[in-house]
Amino acid sequence: MLTNYIKIAWRNLIRNKTFSAINILGLALGMATCLLIGLYVFHELSYDRFHEKADRIVRVTFRASMNGNKINEANVMPLTAQTLRRDYPDVLDATRLRVAGELMLTKGNNLVRENAVAFADSNFFDVFSFPLVKGNPKTALQQPNTVVISDKMARKYFGETSPIGKTLTPKGSFGGSVLNVTGVMADFPASSHLHYDFLVAMAGLDDAKATSWMQSEFYTYLVLSPGYDYRKLEAKLPQVVQKYMGPEIQQAFGMPFAKFREAGNDLGLRLQPLTDIHLHSNFAYDLSPSGDIRYVYGFGAIALFMLLIATFNFMNLSTAGATKRAGEVGIRKVMGSVRSALIGQFLMESLLLTGIALLLAVGLVWLALPAFNELTGNSLTFNLWATPLLLPGLVLFGLVVGVLAGSYPAFFLSSFKPIAVLKGGTAFRGAGRLTWGRQRVSLRSTLVVVQFGLSFILIMGTAVVWQQLNFIRHAKLGYDKERVLVIRETGRLGKNEPVFREQLLRNSHVIDASISGYLPAGPSYNNNFLVYGDNKDGQYIKGIRYDVDERYMPTLGMTLAAGRNFSPTFGTDSSGIILNETAARQFGWGDKAIGHTITRPDFGGSKPTRTYRVIGVVQDFHFKSLHERIAPLMMTLGNNSGTILAKVKTRDVEDLLKTIEKQWTAFAVDAPFAYSFLSDDFNAIYRAEQQTGWVLGLFAGLTIFVSCLGLFGLAIFTAEQRTKEIGVRKVLGASVGSIVTLLSKDFLKLVLIAIIIASPIAWYAMNKWLQDFAYKIDIAWWVFALAGLLAVGIALLTVSFQSIRAALMNPVKSLRSE
């Protein structure tokens, strides 16, 4: 019986080549898209789940609200780990990380910059399941000046010999210490929010022993008791803040912590499950770029959309071709075939088509995966043999899709009544529809509306994403990012850093140059600045402090709203400060800030109290992503070395860069010449949004294509069903245009209905996406009109091709065929 089903299914597939090809191609594209996105979704959801204690590890984060300014930071105070472990029995273990900057190492005759470096506590490998290939995880990080390196770095610097007991001697600013290699760890998986090649023992870091609760540079992870709800511990953290931070707040601001909070200020610690870090984070100073659960949901919905559209195509074309199979069904039933056998036959045809489509989909995924990885910035793999469950999963996926796609046509076709079908060759046919066709046409129309509605939503999504990206590219940032050369590691020049800057200024192609490691885009120093205005009864603000020189604002083209810039002619500018407009407003001074004072209090003796006098107010500029509102920022005059910004006036910078590199090399500095352009650093901030735009555009195009495949197939069927009608109309004098209109108008009505229904859904979805940006576009009506015209135009082009072909047929041949 099964062999017979397969033979008949294959014959029907060969007999209806056009419809079979449309179905196979549509299903293959739908399944390939679903598989590709499935790989991405699985990868995103798998982050940090490989750790043995993943379900019990939480990260401690810092959240605050100061004078309405909300602060969310991924790092906390150095004492947090040991305090929580000591005070709460359900905290079984606690470990810390601190970003270490970079290592400059010698490899042969070259200096190599290594950026994936962090300090780690000795129990790091007790908390996290990063296996050591060599060395003892219990003791590897116990002693100062010891380091555990990744397997990749071991091969890079030591070849095939064992690095245990050997040393690394960093150049430059890493303390000049010799680091003893005590362990080799397996390379961190791609699905980890931690990515380090060098873990240096925390025991040698003086800042790790700091006792102040007002410094926060340490990433702290806790291991909780099995089954313990982390929210119970989180509810107790306000007591920790009051007990340990309260006295320092009182000393610094001269008021009890309770009164400090009553004034509208709040400081607190929160807990975040390890497995939530990648997809549910929105913290400053996070250790790696985070994903977004909304993108996971969104791409998952796209995968479902594509599969539904391809499945609807199959249902539409199968039921549309019912007239060709009605006689077959009638004869089979008269000959004694039961309905279940007919359902089995039609499901076998569906499964055969789906099987072929699945093989094609696997091939498409294999071919498209490298390009998809490049587009999304991931490193996804598709290896049937390396992943044991992948092959059974694909088979199950094909069976489910085949049954879903074929179930309605199977039940529908098997329901024909043999007497009604066999009563006459034309008795059940009229104007291209069966006598019971109203119900069927209604369902078919619904499926077409759903297809194009989903396609319209994706077109709208793509349009809005690219509009927002265009808005970001042309937004008024408050500074000029174009042709600003960022030269890094200039602190290694030591006393020659100002000399190097002067050499740049003497170059005719350089307009201005500034020494400061504080940048509005790209890697930048950051200084939290907790201060009060005028006196302790004034406003308290936690903002950002930039240490700059007098050339910083001219180099970046910033504009003063009031007061003046720093100047070497004013000896008192070392105690001067420049606010941005947001800080001036939050202090309550507005445009009258000049002359007021700002005081940074003494926090437990960590830094002495210092008072600054406001000498200027700079117009607000975006020093963070446009996702965030501009926060209070204060600039002080400081000798902050490490980076030189140079505004250049030439577009052809190749010769200029060669000249600068020669000047750099002449100083015999122990670091290679490294640079970037501020505009490139700015664009890198929005790489995730750019990738989203490209991916949405790609899948929007695919959904339109698959929808049009189905529309094309229905147009072919309609033209075939109305061949005699078209011939009669042409004999009676109908024009080609009127026949094309006759065949196209019903399809266009469905597309217009789809646009009307999908428009509010698209508007709601994209507005939700835009809420993530503090500065965003308004979705204009013309975007809907343009997307609608595009959808209608594509649909009209698809239908018209077959309609014109049918209208140009010789009426004699049309009537003879009937």
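Above: the structure in question.
Everything quoted here is computed from the prediction, not taken from an experiment.

1. Some points on the packing of aromatic side chains
Remark: the centre distance and the inter-plane angle together describe each pair of aromatic rings, the angle taken between the planes.
Working step 1: In total, this model carries 25 aromatic pairs according to the counting rule given.
Working step 2: Note on F124 and F130: the rings are 6.0 Å apart at their centroids and 10° apart in plane angle, and the pair reads as stacked.
Working step 3: Since its relative accessible area comes to 1%, F124 is described here as buried.
Working step 4: Its relative accessible area of 4% is what places F130 among the buried residues.
Working step 5: Judged by centre distance (5.1 Å) and plane angle (35°), the ring pair of Y518 and Y546 falls under tilted. Within this pair, whereas Y518 is found in the loop between β15 (510-515) and β16 (528-533), its partner Y546 is found in strand β17 (residues 540-548), the two being separated by 28 residues in sequence.
Working step 6: Residue class for Y518 comes out buried when judged on its relative accessible area of 3%.
Working step 7: On the basis of relative accessibility, which here comes to 1%, the residue Y546 falls in the buried class.
Working step 8: Joined through ring pairs, the aromatic side chains of F50, F124, F125, F128, F130, F188 and Y221 make up one cluster.
Working step 9: Across the ring face of F682, the terminal group of K481 is positioned such that the distance to the ring centre comes to 5.0 Å.

2. Comments concerning the environment of G268
Working step 1: Relative to the helices and strands, G268 resides in strand β13 (residues 266-273).
Working step 2: For G268, a relative accessible area of 7% gives the class buried.
Working step 3: In sequence terms G268 and M245 are 23 residues apart; their C-alpha atoms lie 9.5 Å from each other.
Working step 4: In contact with G268, other than residues within four places in its own chain, are T61, F62, R63 and V241.

3. Looking at the packing of helix α21 (residues 723-731) against helix α22 (residues 736-770)
Working step 1: Direction vectors running N to C along α21 and α22 enclose 150°, while the axes themselves pass 10 Å from each other. On the basis of the axis angle, α21 is roughly antiparallel to α22. As α21 runs across α22, the sense of the crossing is right-handed. Here E725, I726, R729 and K730 of α21 lie close against α22, whose contacting residues are I739, L742 and L743.
Working step 2: Classifying every residue of the contact of α21 with α22 gives 4 nonpolar, no polar and 3 charged.

4. Quick look at the nonpolar core
Working step 1: Ranked by size, the top nonpolar core spans 121 residues in total, and within it Y546 and M635 carry the most contacts.
Working step 2: Broken down by element, the residue count for this core peaks at 15 residues, all from helix α2 (residues 17-45).
Working step 3: With sequence-adjacent residues up to four places away left out, M635 is seen in contact with Y546, V548, Y552, M553, M558, F566, G576, I577, I578 and F621.
Working step 4: Residues V76, L233, F253 and Y540 belong to the second largest nonpolar core, which totals 36 residues.

5. Thoughts on helix α19 (residues 678-685)
Working step 1: Restricting attention to buried positions, one finds in α19 the residues L678, S679, D681 and F682. Looking straight down α19, one finds its buried side chains confined to an arc of 160°; they lie on one side.

6. Focus on the side chain of N565
Working step 1: Tracing the sequence through the fold places N565 in the loop between β18 (560-563) and β19 (576-580).
Working step 2: Separated by 2.8 Å, the side chain of N565 and the backbone oxygen of E550 make a polar contact.
Working step 3: Setting aside residues no more than four positions away along its own chain, N565 makes contact with E550, M553, P554, L560, D573, I578 and I615.

7. A short note on the pairing of β17
Working step 1: Here β17 lies mainly inside the structure; 9 of its 9 residues are buried.
Working step 2: Bridge analysis of β16 against β17 gives 5 bridges, and the strand direction is antiparallel. Note on β17: the bridge partner recorded for V531 is I541.
Working step 3: Pairing of β17 with strand β22 (residues 633-637) involves 5 bridges; the strand directions are parallel. Across the sheet, residue V548 finds its bridge partner in β22, namely L637.

8. Concerning the pattern of salt bridges
Working step 1: Scanning the entire structure with this criterion turns up 22 salt bridges.
Working step 2: Between K138 and D126 there is a salt bridge, with the nearest N and O atoms lying 3.1 Å from each other. One end of the pair, K138, is in the loop between β7 (132-134) and β8 (146-150); the other, D126, is in helix α4 (residues 124-127), and 12 residues separate them in sequence.
Working step 3: On the accessibility criterion, K138 (51% relative accessible area) is exposed.
Working step 4: Given a relative accessible area of 25%, D126 falls into the partly exposed group.
Working step 5: Where salt bridges share partners, they join R98, D207 and E217 into one cluster.

9. Thoughts on the environment of E73
Working step 1: Tracing the backbone shows E73 in strand β2 (residues 69-73).
Working step 2: Sequence-wise, E73 and Y285 are 212 residues apart; in three dimensions their C-alpha atoms are separated by 6.2 Å.
Working step 3: In this structure E73 touches T61, F62, S216, F283, A284, Y285, N528 and K542, once residues within four positions along its chain are discounted.

10. A few points about the side chain of T597
Working step 1: The residue T597 is located in strand β20 (residues 597-600) in this model.
Working step 2: A relative accessible area of 14% means that T597 is categorised as buried.
Working step 3: Once you skip the residues sitting within four places of it in the chain, T597 turns out to touch Y532, G533, D534, W589, T611, Y612 and R613.

11. Topic: unusual backbone geometry
Working step 1: Backbone geometry at N145 places phi at a positive 60°, although glycine is not the residue there.
Working step 2: Within the secondary structure layout, N145 lies in the loop between β7 and β8.
Working step 3: Look at N145 and you get partly exposed, because its relative accessible area is 33%.
Working step 4: If you check the backbone angles, R483 has positive phi at about 55° while not being a glycine.
Working step 5: Assignment of secondary structure puts R483 in the loop between α14 (437-473) and β14 (484-488).

12. Here's the deal with the sheet that holds β14
Working step 1: One open sheet accounts for 4 strands, arranged β15-β23-β14-β24; its pairing is antiparallel. The open sheet has two edge strands with one neighbour each: β15 and β24 (675-677). Across the sheet, the axes of successive neighbouring strands diverge by a mean angle of 20°, strand direction being ignored.
Working step 2: Across 5 bridges, β14 lies against strand β23 (residues 643-648) in antiparallel orientation. When the sheet's bridge partners are listed, V484 is paired in β23 with K647.

13. Here we look at a nonpolar patch on the surface
Working step 1: A contiguous nonpolar surface patch, about 450 Å² in accessible area, is contributed by W385, L391, V395 and L399.
Working step 2: Within the fold, V395 resides in helix α12 (residues 390-413).

14. Points about the pairing of strand β10 (residues 179-185)
Working step 1: When you tally the buried positions in β10, you get 5 out of 7 residues, the bulk of the element.
Working step 2: For β7 and β10, the ladder comprises 2 bridges, and the chain directions are antiparallel. In the strand pairing of β10, K134 is matched with V184.
Working step 3: Here 5 bridges tie β8 to β10, and the two strands are oriented parallel to one another. If you follow V148 over to β10, its bridge partner there is G183.

Parameters at a glance
Residues numbered from 1 in each chain as written. Predicted model: local features only at pLDDT ≥ 70, side-chain atom pairs only at ≥ 80, totals over all residues. Heavy atoms only, no water. Phe/Tyr/Trp six-rings, centres within 6.5 Å; stacked < 30°, edge-to-face > 60°. Buried < 20%, exposed > 50% of the residue type's maximum accessible area, 1.4 Å probe, protein only. Helix = DSSP H or I, 4+ residues; strand = E, 2+ residues; numbered from the N terminus. Lys NZ or Arg CZ within 6 Å of the ring centre and 35° of its normal. Contact = heavy atoms within 4.5 Å. Axes fitted to C-alpha atoms, helices over the stretch in contact; angles between N-to-C directions. Parallel < 35°, antiparallel > 145°, perpendicular 65-115°, else oblique. Left-handed = near helix turned anticlockwise from the far one by under 90°. Nonpolar A, V, L, I, M, F, W, Y, C, P; charged D, E, K, R; others polar. Core = buried A, V, L, I, M, F, W, Y, C linked by side-chain atoms within 4.5 Å. Arc of directions from axis to C-beta. Polar contact = N/O pair within 3.5 Å; in protein donor to acceptor, adjacent residues only side chain to side chain. Pairing = 2+ DSSP bridges. Salt bridge = Lys/Arg side-chain N within 4 Å of Asp/Glu carboxyl O. Patch = residues over 30% accessible without salt bridge, like charges linked within 9 Å, V, L, I, M, F, W, Y side chains within 5 Å. Areas by Shrake-Rupley, 256 points an atom, 1.4 Å probe, with all protein chains shown as cover.

All quantities given are derived from atomic positions and should not be read as evidence of function.
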